[in-house]
Amino acid sequence: MIGKLKQNLLVACLVISSVTVFYLGRHAMECHQRIEEHGQLGAILPLSALGGSMRTTLRTGQNLSMPFVYNKDMPLIFIGGVPRSGTTLMRAMLDAHPEVRCGEETRVIPRILAMKQMWSRSGREKMRLDEAGVTDEVLDAAMQAFLLEIIVKHGEPANFLCNKDPFALKSLSYLAKIFPRAKFVLMIRDGRASVHSMISRKVTIAGFDLGSYRDCLTKWNRAIETMYSQCLVAADKCLPVHYEQLVLHPEKWMKTLLKFLDVPWNDAVLRHEELIGKAGGVSLSKVERSTDQVIKPVNVEALSKWVGKIPADVVRDMAVIAPMLSRLGYDPHANPPNYGRPDPKVLDNTRRIQKPAERPKPS
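The notes below deal with the structure included here. (Residues numbered from 1 in each chain as written. Predicted model: local features only at pLDDT ≥ 70, side-chain atom pairs only at ≥ 80, totals over all residues. Heavy atoms only, no water.)

## What about the pattern of salt bridges?
- Across all of its chains, the model carries 18 salt bridges by this definition.
- With its nearest N and O atoms 3.1 Å apart, the salt bridge here joins Lys177 to Asp140. Here the residue Lys177 occupies a position in helix H7 (residues 172–178), and Asp140 occupies one in helix H6 (residues 136–153), the gap between them amounting to 37 residues.
- We classify Asp140 as buried; its relative accessible area is 10%.
- One salt bridge connects Lys153 with Glu149, and the closest N-O pair in it is separated by 2.9 Å. Separated by four residues within a single helix, Lys153 and Glu149 lie in helix H6, roughly one turn from each other.
- You can call Lys153 partly exposed: its relative accessible area is 41%.
- Linked through salt bridges whose partners overlap, the residues forming this network are Arg214, Asp313, Arg316 and Asp317. (Salt bridge = Lys/Arg side-chain N within 4 Å of Asp/Glu carboxyl O. Helix = DSSP H or I, 4+ residues; strand = E, 2+ residues; numbered from the N terminus. Buried < 20%, exposed > 50% of the residue type's maximum accessible area, 1.4 Å probe, protein only.)

## Topic: the state of the cysteines
- By the definition in use, this model includes two disulfides.
- Disulfide pairing is shown between Cys102 and Cys162; the S-S distance is 2.2 Å. Disulfide Cys102-Cys162: the torsion about the S-S bond is 95°, which places it as right-handed. Taken together, the residues Cys102 in the loop between strand E4 (100–101) and helix H4 (108–121) and Cys162 in strand E5 (residues 160–164) connect sequence positions 60 residues apart.
- Using a relative accessible area of 0% as the deciding quantity, one classes Cys102 as buried.
- Overall, Cys162 belongs to the buried group, its relative accessible area being 0%.
- With a sulfur-sulfur separation of 2.0 Å, Cys231 is cross-linked through a disulfide to Cys238. When the S-S torsion is -100°, as for the bridge of Cys231 with Cys238, the disulfide is left-handed. For the residue pair Cys231 and Cys238, the accessibility class agrees, reading buried in each case.
- Disulfide connectivity for the chain, with bonded cysteines indexed by sequence position, reads 1-2, 3-4. (Disulfide = S-S within 2.5 Å.)

## Things to note about the packing of aromatic side chains
- Within this structure, the stated rule accounts for three aromatic pairs.
- Between Phe78 and Phe184, the aromatic rings sit 5.5 Å apart at their centres with planes inclined by 15°, giving stacked as the arrangement. Of this pair, Phe78 sits in strand E3 (residues 77–80) while Phe184 sits in strand E6 (residues 183–188), and the two are 106 residues apart along the sequence. When sorted by exposure, Phe78 lands in the same class as Phe184, which is buried.
- An aromatic cluster of at least three residues, connected via ring pairs, comprises Phe78, Phe179 and Phe184.
- When the ring centre of Phe167 is taken as reference, the NZ or CZ atom of Lys170 above it lies at 4.3 Å. (Phe/Tyr/Trp six-rings, centres within 6.5 Å; stacked < 30°, edge-to-face > 60°. Lys NZ or Arg CZ within 6 Å of the ring centre and 35° of its normal.)

## Thoughts on the environment of Ala235
- One can find Ala235 in the loop between helix H9 (213–233) and strand E7 (238–242).
- With 51 residues separating them along the chain, Ala235 and Phe184 place their C-alpha atoms 9.5 Å apart.

## A closer look at the nonpolar core
- Met90 and Leu94 are the most contacted members of the largest nonpolar core, which totals 95 residues.
- Among the elements that line this core, the one with the most residues is H9, at nine residues.
- Residue contacts for Met90: discarding those within four places in its chain leaves Ile79, Val185, Met187, Val241, Leu246, Met254 and Leu257. (Core = buried A, V, L, I, M, F, W, Y, C linked by side-chain atoms within 4.5 Å. Contact = heavy atoms within 4.5 Å.)

## Here's the deal with helix H16 (residues 344–354)
- Within H16, burial applies to Val346, Asn349 and Thr350. An end-on view of H16 places all buried positions within 100° of arc, on one side of the element. Counted as exposed and oriented over 90 degrees from the buried face of H16: Pro344, Lys345 and Arg351.
- Buried positions along H16 lie against helix H10 (243–248) and helix H11 (250–261). (Arc of directions from axis to C-beta.)

## Some words on the sheet that holds E4
- Taken in spatial order, the five strands make up an open sheet running E4-E5-E3-E6-E7, and their pairing is parallel. A single partner strand is all that each edge strand has here, and the edge strands are E4 and E7.
- As defined by bridge partners, E3 adjoins E6 across four bridges and the pair is classed as parallel. Paired with Gly80 across the two strands is Leu186, which belongs to E6.
- Contacting E3, E4, E5, E6 and E7, helix H3 (residues 87–95) runs over the sheet at an angle of about 150° to E3.
- Along the sheet, H9 makes contact with E6 and E7, crossing E6 at roughly 140°. (Pairing = 2+ DSSP bridges. Axes fitted to C-alpha atoms, helices over the stretch in contact; angles between N-to-C directions.)

As structure tokens, then:
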């Protein structure tokens, strides 16, 4: 009886597999036919094929029937940094610009980049790939196509497409190689604040022990050093932005950033909170931990929340645990630190969000 059941299950699996292969094959043939009709893969697609909507028209200034051209030479923007360093705020501010679309984290891009890095580091694996004809040129072309499809198709088309996956900038040098016109925004934040935020908000990050400030600061130091070093090498393509200075002086830093990105100025980037969920505005993820914070206007509420929360032994050893603090301009011994004075508008925003809601008077 059991043998008969196993046999029936096996037959059922074979049938399902055959049907799946048939439909995948037919879909691949249809895709190939469409690619031949439109030209080279990833070159031209009608906006409607990318899920275009009225928001598409607002982003691009084009009619939905017009073709949307995209390729490896387009001016992509990559935002990265250690998680809890202001990457979500930065992408929300850019998303408020009518010509820029970043969207939510893809989560796929840093993982595929890490896999590619692993292949390259292993001499044995690289030799096997070369023997199979899977050369660096083949892999680079495949990575270009894959990453471009994800960036283009996970949101609406726009004149400037942007990706925000924090750890993608661990592969900044490689991304600059395969996307020659891309530019990079490295978000930098006081490591003590980043680590306190990830621990207090229980933000799971692979390799970080959220039960230990010492471990998280050590991992923060390693990660930001990797990204910052690559940013310095690609100085003409990478702009480091300190989170503290962005929230203290948002207009100054957004003007600096947009000029660096060759994106025309638009003051919508200074009021991103007004454009959340609106057509041509800012789309937020329901599962990203920063969403509840970026719905507020730019404010200084989170700058020094870490002060007094870090264990005394870690505070004592801070300069040794996280030497990148000093390199990035932070005083490892300052508790609390002096990040500077905020602009009047930012002060006003901070007072408004801290003001308790007035209770209705009893009738």
